[in-house]
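# Architecture at a glance
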Amino acid sequence: MGHFDTSGLEEAAAGLVQDGIDVVRVAYSDLMGTDRGRDILTNRFARTTHDGVAFCRSIYGTSPMGDVIDIEGGLAAGLPDVVAFPDVSTLQKVPWEPGVAHCIADVFNPDGTPAEEDPRTVLKRVIRQFAELGMVPTVGPELEFYLLEKDDTVPSGWRRYGEATGNVYVAGLRGDPENTLLRSLRHLSAYGLEVVAANHEFSSGQFEINLWHSEALDAADRAFRFKAAVKELARREDKLATFMAKPFNDEGGSGFHLHFSTWSDDGQPLFHDPDAPDGLSQVARGAIAGVIKHAPALAALANPTINSYKRFGPDTLAPWLIDWGLDNRSAMVRIPPERGGATRLELRLGDASANPYLAVAGLLAAAYLGIKEGLEPPAALEGYGYDPAKADLLPGDLGTALDALEADTELVEALGGQFVRTFAAYKRNELERFSRWVTDWEFREYAYHL
């Protein structure tokens, strides 16, 4: 299989041996954003990965409960393989596992063509479209999550870590009584993730860690690794970290905000124009307009679970309407006040359950279409949002968002038709399984009186 670039494998393996690394974890993202992979002994790394590492394609059709969904080219085709080929530029030592390095893989079909359902491949596809415009997209991810500790007295078996009220934006033992966040922050920094800051968020046991901005693929790689690392570090402390959108009825949801701008090939910021209204260039206005136009479809990627839509609503600090505003946190798209090279938009639509590659790809695809078409956004939101008289509502459930995604032919073309078909099939199976499941709400509501 000579279609892979194998030139760097031997050199990479030799460097790992010199650094005392005896295992390489070759991993890639499934549709959920969960890392799937294999541990390979370093002294067999080059030989084993030379032609790619085979995995069953239906990993992209495997649900969180282990159901195998019939995606295109999967179950009905006899469960054929795809092959994961390591991108050696992503090799990174795992600081909490001595002797282990992590390497992100790209996924291919056996004939050497990219596997179109692979989330990293989807993002690369959109980045190439920006390159055709002479642009380099830059992204800064912000992710929130809950940290939970075991409690056999509650049905789920987990309670919020460090339960207390009013601990938003505190640091130290007050909101993190075991210093778990501080230990994690140091590990994440040593993992090369370019984390910059961490704090306790609004809700008990809820934290946010910010990652520095970089070119879109690198930013998505780091966010992918970040989510996996946070969960692994929690397991080491007998805790559970969850990026579920809204795990509790009595607390707020967890967001995945994306700061986005685009730059020229020669390193000039393209969102700032000091002579334009609000200092926003036509490129910036086109990007905003594209996100507004394609927001219903984008929701399927940025809010990819049934639970996601329970995070939305008035007075939640999560979006409810398709709008944008200048330094307005009640808008779906916020334009932070900085200008010059820091001019950017912040998409506040996404929740923490989103696959980083797909959330970034969706944002970029929508912005690209707006820039390419020279779209103009509607008037900016003034004052507090959540007034449905001012703007259209976002989709209120996953099914509606999937309908919007499949109907958005421009966005489908930008992302790739096979990917969208695979993603929609996977998610519609989730809806079907949920529709047949008896929930605790139903039992509480009906059992006694009916």
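Looking at an unreviewed UniProt entry, the chain carries the name glutamine synthetase, with the source organism given as Angustibacter luteus. Word for word, the UniProt comment on the chain under Sequence similarities (unreviewed entry) is "Belongs to the glutamine synthetase family."

## Focus: the UniProt feature "domain: GS catalytic" (unreviewed entry) in the chain
The positions that UniProt labels "domain: GS catalytic" (unreviewed entry) are, in the present scheme, residues 119–450. The annotated region residues 119–450 carries 39% helix and 17% strand content, and the separation between its end C-alpha atoms amounts to 46 Å.

## Some details on empty space enclosed by the protein
Any space left empty among the atoms is revealed by the rolling of a water-sized probe across them. Tallying each qualifying case throughout the model produces one cavity of 30 Å³ or more. Reported here for the largest cavity is a volume of approximately 80 Å³. If you trace the largest cavity, you find it lined by Phe145, Leu147, Thr180, Leu181, Ser184, Val230, Leu233, Ala234 and Ala241. The set of elements that each furnish at least two residues to the lining of the largest cavity consists of strand S7 (135–150), helix H4 (180–190) and helix H5 (216–236). Of the residues that constitute the lining of the largest cavity, the class distribution is seven nonpolar, two polar and no charged.

## Description of a nonpolar patch on the surface
Residues Val68, Leu75 and Leu79 make up a contiguous nonpolar surface patch of roughly 230 Å² in combined accessible area. Mapped onto the elements of the fold, Leu75 is located in the loop between strand S3 (53–56) and strand S4 (81–86).

## With respect to the layout of surface pockets
Each pocket or cavity is described by its volume, and for the second largest pocket that value is around 970 Å³. Considering the residues around the second largest pocket, the lining is formed by 40 residues, among which Glu142, Glu208, His257, Glu346 and Arg348 are closest to the centre. At the level of elements, S7, strand S10 (206–211) and strand S13 (256–264) are the ones that each hand at least two residues to the lining of the second largest pocket. At six residues, S7 tops the list of elements feeding residues into the lining of the second largest pocket. Grouping the constituent residues of the lining of the second largest pocket by class yields 12 nonpolar, 15 polar and 13 charged.

## Re the packing of helix H6 (residues 282–302) against helix H7 (residues 356–373)
Remark: H6 packs on H7, axes separated minimally by 6 Å, with the N-to-C direction vectors making an angle of 135 degrees. Put simply, H6 runs oblique to H7. For the pair H6 and H7, the crossing hand works out as right-handed. Here Val283, Gly286, Ala287, Gly290, Val291, Lys293, His294, Leu298 and Leu301 of H6 come into contact with H7, specifically with Leu358, Gly362, Leu363, Ala366, Ala367, Leu369, Gly370, Ile371 and Glu373. Per-class residue counts for the contact of H6 with H7 are 11 nonpolar, five polar and two charged.

## Description of the pairing of strand S1 (residues 23–29)
For S1, the tally of buried residues reaches six of seven residues, placing the bulk of the element in the interior. As defined by bridge partners, S1 adjoins strand S6 (residues 100–108) across five bridges and the pair is classed as parallel. From the neighbouring strand, Val24 faces S6, where its bridge partner is Ala101. From the end of S1 to the start of strand S2 (residues 35–41), which pair antiparallel, there are five residues, and Gly33 there has a positive phi angle of about 100 degrees.

## Focus: the environment of Leu431
Mapping Leu431 onto the fold places it in helix H10 (residues 417–435). The sequence separation of Leu431 and Gly205 amounts to 226 residues, and the corresponding C-alpha distance is 29 Å. Residues within four places of Leu431 in sequence aside, it is in contact with Ile306, Leu398, Gly399 and Leu402.

## Things to note about H4
The set of residues buried in H4 consists of Thr180, Leu181, Ser184 and Leu188. Each buried residue of H4 lies within a common arc of 90 degrees when the element is viewed along its axis, so the set occupies one face. Where H4 is buried, its residues touch S7, strand S9 (195–200), S10, H5 and strand S12 (239–242). Just beyond H4, the residue with positive phi is Gly192, at close to 75 degrees.

## A closer look at the side chain of Asp408
Secondary-structure assignment places Asp408 in the loop between helix H8 (398–407) and helix H9 (409–415). Lys293 provides the closest opposite charge to the buried, salt-bridge-free Asp408, at an N-O distance of 6.8 Å. There is a polar contact of 3.1 Å between the side chain of Asp408 and the backbone nitrogen of Leu411. In this view, Asp408 contacts His294 and Ala297; residues no more than four positions away in its chain are not counted.

## Here we look at the pattern of salt bridges
Tallied over the full model, the rule gives 30 salt bridges. Notably, a salt bridge pairs Asp87 with Arg120, separated by 3.2 Å at the nearest N-O pair. Residue Asp87 is located in the loop between S4 and strand S5 (92–93), and its partner Arg120 is located in helix H3 (residues 119–132); the two are separated by 33 residues in the primary sequence. A relative accessible area of 2% places Arg120 in the buried class. Notably, a salt bridge pairs Arg235 with Glu232, separated by 2.8 Å at the nearest N-O pair. Highlighted residues: Arg235 and Glu232, both in helix H5, separated by three residues, approximately one helical turn. We classify Glu232 as partly exposed; its relative accessible area is 33%. Salt bridges sharing common partners tie together Asp87, Asp106, Arg120, Lys124 and Asp221.

About the criteria used
Residues numbered from 1 in each chain as written. Predicted model: local features only at pLDDT ≥ 70, side-chain atom pairs only at ≥ 80, totals over all residues. Heavy atoms only, no water. UniProt positions renumbered as here; feature names shortened; annotations may be inferred. Helix = DSSP H or I, 4+ residues; strand = E, 2+ residues; numbered from the N terminus. 1 Å grid on protein atoms, 1.4 Å probe; cavity = no way out; pocket = protein on both sides within 12 Å on 5 of 7 lines; lining within 4 Å. Points joined across faces, edges and corners; volume = space filled by probe spheres on them. Nonpolar A, V, L, I, M, F, W, Y, C, P; charged D, E, K, R; others polar. Patch = residues over 30% accessible without salt bridge, like charges linked within 9 Å, V, L, I, M, F, W, Y side chains within 5 Å. Areas by Shrake-Rupley, 256 points an atom, 1.4 Å probe, with all protein chains shown as cover. Salt bridge = Lys/Arg side-chain N within 4 Å of Asp/Glu carboxyl O. Axes fitted to C-alpha atoms, helices over the stretch in contact; angles between N-to-C directions. Parallel < 35°, antiparallel > 145°, perpendicular 65-115°, else oblique. Left-handed = near helix turned anticlockwise from the far one by under 90°. Contact = heavy atoms within 4.5 Å. Buried < 20%, exposed > 50% of the residue type's maximum accessible area, 1.4 Å probe, protein only. Pairing = 2+ DSSP bridges. Arc of directions from axis to C-beta. Lys, Arg positive; Asp, Glu negative; His and termini not counted. Polar contact = N/O pair within 3.5 Å; in protein donor to acceptor, adjacent residues only side chain to side chain.

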